[in-house]
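What follows is the residue order along each chain.
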Amino acid sequence: MTILIAHLGPPGTYAEQAAFFYLNWLKKTPGVEASLCPYPTIAQSLQAVATNQAQLAVVPVENSIEGSVSMTMDTLWQLETLQIQLALVLPISHTLISCADSLERIQTVYSHPQALAQCQGWLGQFLPNVNLIPSNSTAEALQGLKQEITTAAIASSRAAQLYNLPILATGINDYPDNCTRFWVISHSQKDAGVQISSRAIAPTHTSIAFSLPANLPGALAKALQVFAHLGINLSRIESRPTKRSLGEYLFFIDIEASATQVQTALSELRNYTEIIKVFGSYSVTLIDNF
Ligand SMILES: O=C(O)C(=O)C[C@]1(C(=O)O)C=C[C@@H](O)C=C1
């Protein structure tokens, strides 16, 4: 069987780069065939796994400059059947791609909102008067650059190469150590073969989300004290609206703990929460050979 890996497309996105790394890793297992499958949005790549059109999805979760990718968190909460297999950390170096011969000629810059935000200081300094237009992905932003000389896009140098487009400026992200964490996601009960190859490395992190039974003083503190009492470190805490009523939140937490500690924490946490969703336990790998 060929394992299909869904990712935000078209080819040339950072998500494709992370998915490509994972594909090569999977292919090292004898007998495993895999191929990449681009989707127009992050939500659609996760839905592809939930509906069995693909066996895996590689989706961005968090950027070191701009923080969480809300579409990933919201979709994971909505879809019941997904599980994190592995985290991949990809260094992100953005380039300004354009057919214009100088920065002065550029009037419009397209990119994914995360990429525009990661370069806002550079854009403010070198292109203070341009229109910034969000696109579904950095690679999608490249469409139309050849026809319109006054436009530019922010994407990777790999994407520029892929579409044979000129680079006007490199390393334009505001912080040089810019990186994005991706999750490799599978269906929770399927693809034992895929799970084995990812699980060969012992899990170091567990990601969960929960809602609180009531919006009362101390409700969140009581839930968090479970981790403090057990001496468990949290590597991320993020809130998202429940979308049920204004001011009501879901809390997304990454836990650094052994499997036994996680089980103890989860059974205690159930006393202080309304709904808990466990997205999986996994290890973290740095992609450093691109
Ligand atoms: O647009 C892309 O190329 C993506 O893969 C999406 C995405 C993101 O959502 O954060 C991934 C990495 C970068 O942080 C910028 C954009």
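Note that the structure is a prediction, hence the values are computed from the model and not measured.

Engineer: Please clarify how the overall build of the chain should be interpreted in this entry.
Structural biologist: When its secondary structure is counted, the chain shows 9 helices and 15 strands. A compact globule built from 290 residues should have a C-alpha radius of gyration of about 19 Å, and the chain, at 20 Å, falls within 12% of that. Taking the principal axes of its C-alpha atoms as reference, the chain extends roughly 60 × 50 × 30 Å. Evaluated residue by residue, the chain yields a buried proportion of 51% over its 290 residues. Excluding contacts between residues fewer than 6 apart, the proportion of contacts in the chain whose partners are at least 24 apart in sequence is 78%. Of the roughly 13,300 Å² that the chain leaves accessible, carbon and sulfur atoms contribute 53%. The averaged location of the 20 negative side-chain charges in the chain is 7 Å from the averaged location of its 15 positive side-chain charges.

Engineer: Sorry, what's going on with the pairing of strand 2 (residues 33–39) here?
Structural biologist: Within a regular strand, side chains alternate between the sheet's two faces. Across 7 bridges, strand 1 (residues 2–8) lies against strand 2 in parallel orientation. Residue pairing in the sheet places histidine 7 in a bridge with proline 38 of strand 2. Once you follow strand 1 into helix 1 (residues 14–26) and on to strand 2, the crossover reads as right-handed.

Engineer: I tried to follow the sheet that holds strand 9 (residues 151–155) on my own but got confused; where do I start?
Structural biologist: Two pairing modes exist for strands in a sheet, parallel and antiparallel, and in both the strands are linked by backbone hydrogen bonds. In space, the 5 strands of this open sheet follow the order 8-7-9-6-10, with mixed pairing throughout. Each of the sheet's edge strands pairs with one partner strand only, and the pair in question is strand 8 (131–134) and strand 10 (167–170). The sheet shows a mean angle of 25° between the axes of neighbouring strands, direction not considered. Judged from the 3 bridges that link them, strand 7 (residues 108–111) and strand 9 form a sheet pairing that is parallel. Across the sheet, residue valine 109 finds its bridge partner in strand 9, namely alanine 152.

Engineer: Which parts of the structure should I look at to understand the site of the ligand?
Structural biologist: The ligand sits among 14 residues. The nearest are Tyr14, Ala15, Gln118, Thr138 and Thr180. A distance of 3.0 Å separates an oxygen atom of the ligand from a polar atom in the side chain of glutamine 118. A distance of 2.5 Å separates an oxygen atom of the ligand from a polar side-chain atom of threonine 138. Bound to the protein, the ligand loses 100% of the 370 Å² it would expose on its own. Those elements that provide at least two residues to the shell around the ligand are helix 1, strand 3 (56–63), helix 4 (113–118) and strand 11 (179–187).

Engineer: Honestly, helix 2 (residues 42–50) in this entry has me stumped. Any pointers?
Structural biologist: Across the 9 residues that make up helix 2, a large majority, 7, are buried. Where helix 2 is concerned, the buried positions are Ile42, Ala43, Ser45, Leu46, Ala48, Val49 and Ala50. Tucked into the core, helix 2 has its buried residues touching strand 1, strand 2, strand 3, helix 3 (70–78), strand 5 (82–91) and strand 11.

Engineer: Explanation requested: the environment of alanine 115 in the structure shown.
Structural biologist: Within the secondary structure, alanine 115 is located in helix 4. Take alanine 115: its relative accessible area is 3%, and that puts it in the buried class. C-alpha of alanine 115 to C-alpha of serine 93: the two residues are 22 residues apart in sequence and 9.8 Å apart in space. The contact partners of alanine 115, leaving out residues within four places of it in the chain, are His94, Thr138 and Ile154.

Engineer: Even after reading the chapter, I still don't get the UniProt feature "domain: ACT" (unreviewed entry) in the chain, so can you show me in this structure?
Structural biologist: Those residues carrying the UniProt feature "domain: ACT" (unreviewed entry) are residues 208–283 in this numbering. Structurally, residues 208–283 is divided into 29% helix and 38% strand, and its ends, taken at the C-alpha atoms, are 15 Å apart.

Engineer: Which parts of the structure should I look at to understand the side chain of asparagine 173?
Structural biologist: Positionally, asparagine 173 belongs in the loop between strand 10 and strand 11. From its side chain, asparagine 173 meets the backbone oxygen of tyrosine 175 in a polar contact 3.0 Å long. Apart from the residues within four sequence positions on either side, asparagine 173 is in contact with Ile92, Ser93, His94, Gln118, Cys119 and Asn178.

Engineer: Explanation requested: empty space enclosed by the protein in the structure shown.
Structural biologist: Space left empty within the atom packing is revealed by a probe, the size of a water molecule, rolled over the atoms. Summed over all chains, the structure comprises 1 cavity of 30 Å³ or more. Taken as a whole, the largest cavity holds about 210 Å³ of empty space. If you go around the largest cavity, you meet 18 residues; those closest to its centre are Tyr14, Pro60, His112, Gln114 and Phe182. Of all the secondary structure elements, the ones that give two or more residues to the lining of the largest cavity are helix 1, strand 3, helix 4 and strand 11. By residue number, the principal contributor to the lining of the largest cavity is helix 4, which donates 3 residues. Its residues placed into classes, the lining of the largest cavity shows 9 nonpolar, 9 polar and no charged.

Thresholds applied
Residues numbered from 1 in each chain as written. Predicted model: local features only at pLDDT ≥ 70, side-chain atom pairs only at ≥ 80, totals over all residues. Heavy atoms only, no water. Helix = DSSP H or I, 4+ residues; strand = E, 2+ residues; numbered from the N terminus. Rg over C-alpha atoms; globule rule 2.2 N^0.38 Å. Buried < 20%, exposed > 50% of the residue type's maximum accessible area, 1.4 Å probe, protein only. Contact = heavy atoms within 4.5 Å. Areas by Shrake-Rupley, 256 points an atom, 1.4 Å probe, with all protein chains shown as cover. Lys, Arg positive; Asp, Glu negative; His and termini not counted. Charge placed at Lys NZ, Arg CZ, Asp CG, Glu CD. Pairing = 2+ DSSP bridges. Right-handed = clockwise from strand over helix to strand, strands pointing away. Axes fitted to C-alpha atoms, helices over the stretch in contact; angles between N-to-C directions. Near = heavy atom within 4 Å. Polar contact = N/O pair within 3.5 Å; in protein donor to acceptor, adjacent residues only side chain to side chain. UniProt positions renumbered as here; feature names shortened; annotations may be inferred. 1 Å grid on protein atoms, 1.4 Å probe; cavity = no way out; pocket = protein on both sides within 12 Å on 5 of 7 lines; lining within 4 Å. Points joined across faces, edges and corners; volume = space filled by probe spheres on them. Nonpolar A, V, L, I, M, F, W, Y, C, P; charged D, E, K, R; others polar.

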